[in-house]
Amino acid sequence: MNLQIRDRRARELAQKIARQSHLSMTEVVIQALETEYRRVAAQQPLAARLGAIADELAAMAKPGGQELSKDEIDAMWGHA
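Keep in mind the model is a prediction, meaning the values are calculated, not measured. (Residues numbered from 1 in each chain as written. Predicted model: local features only at pLDDT ≥ 70, side-chain atom pairs only at ≥ 80, totals over all residues. Heavy atoms only, no water.)

Let's talk about the overall build of the protein chain
Step number 1: Looking only at helices and strands, the protein chain has four helices and zero strands in total.
Step number 2: Listing every helix and strand of the protein chain by position from the N terminus yields α-α-α-α.
Step number 3: Taken over C-alpha atoms, the radius of gyration comes to 22 Å for the protein chain, far larger than the 12 Å a tight globule of 80 residues would show.
Step number 4: Taken along its principal axes, the extent of the C-alpha atoms in the protein chain is 60 × 25 × 25 Å.
Step number 5: Counting only residues that meet the buried cut, the protein chain has 6% of its 80 residues in that class.
Step number 6: Surface accessibility of the protein chain: about 7,600 Å² in total, with carbon and sulfur atoms responsible for 58%.
Step number 7: Distance between charge centres in the protein chain, computed from 11 positive and 11 negative side chains, equals 17 Å. (Helix = DSSP H or I, 4+ residues; strand = E, 2+ residues; numbered from the N terminus. Rg over C-alpha atoms; globule rule 2.2 N^0.38 Å. Buried < 20%, exposed > 50% of the residue type's maximum accessible area, 1.4 Å probe, protein only. Areas by Shrake-Rupley, 256 points an atom, 1.4 Å probe, with all protein chains shown as cover. Lys, Arg positive; Asp, Glu negative; His and termini not counted. Charge placed at Lys NZ, Arg CZ, Asp CG, Glu CD.)

Next up, the structure:
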């Protein structure tokens, strides 16, 4: 899917930043979006941010995990 910037002001601002920072227009847009995403995400309560991280990790987890014994956990943490 393509992202097209049709707004003249947005395009001009992106071009100015691209020229001054020696980046491509694509890199400028990506950096701006990443910065805004971090700003918006930081406004969410910590519990909500941690919940989203937990959901992401749960989605990546594979089925068939196993229970660990206390000895195995201690060994993981270097307490063997």
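We are not done yet, so read on.
Re helix α2 (residues 25–42)
Step number 1: Look at α2: 26 Å from first C-alpha to last across 18 residues, which is about the 26 Å you get at 1.5 Å a residue.
Step number 2: Turning to α2, its buried residues are Val28, Val29 and Ala41. (Expected span 1.5 Å × (residues − 1).)

Details of the layout of surface pockets
Step number 1: Each pocket or cavity is described by its volume, and for the largest pocket that value is around 170 Å³.
Step number 2: Taken together, Leu3, Ile5, Ala10, Leu13, Ala14, Ile17, Val28, Val29, Ala32 and Leu33 form the lining of the largest pocket.
Step number 3: Secondary structure elements with two or more residues in the lining of the largest pocket: α1 (8–21) and α2.
Step number 4: When the residues that make up the lining of the largest pocket are grouped by side-chain class, the tally is 10 nonpolar, no polar and no charged. (1 Å grid on protein atoms, 1.4 Å probe; cavity = no way out; pocket = protein on both sides within 12 Å on 5 of 7 lines; lining within 4 Å. Points joined across faces, edges and corners; volume = space filled by probe spheres on them. Nonpolar A, V, L, I, M, F, W, Y, C, P; charged D, E, K, R; others polar.)

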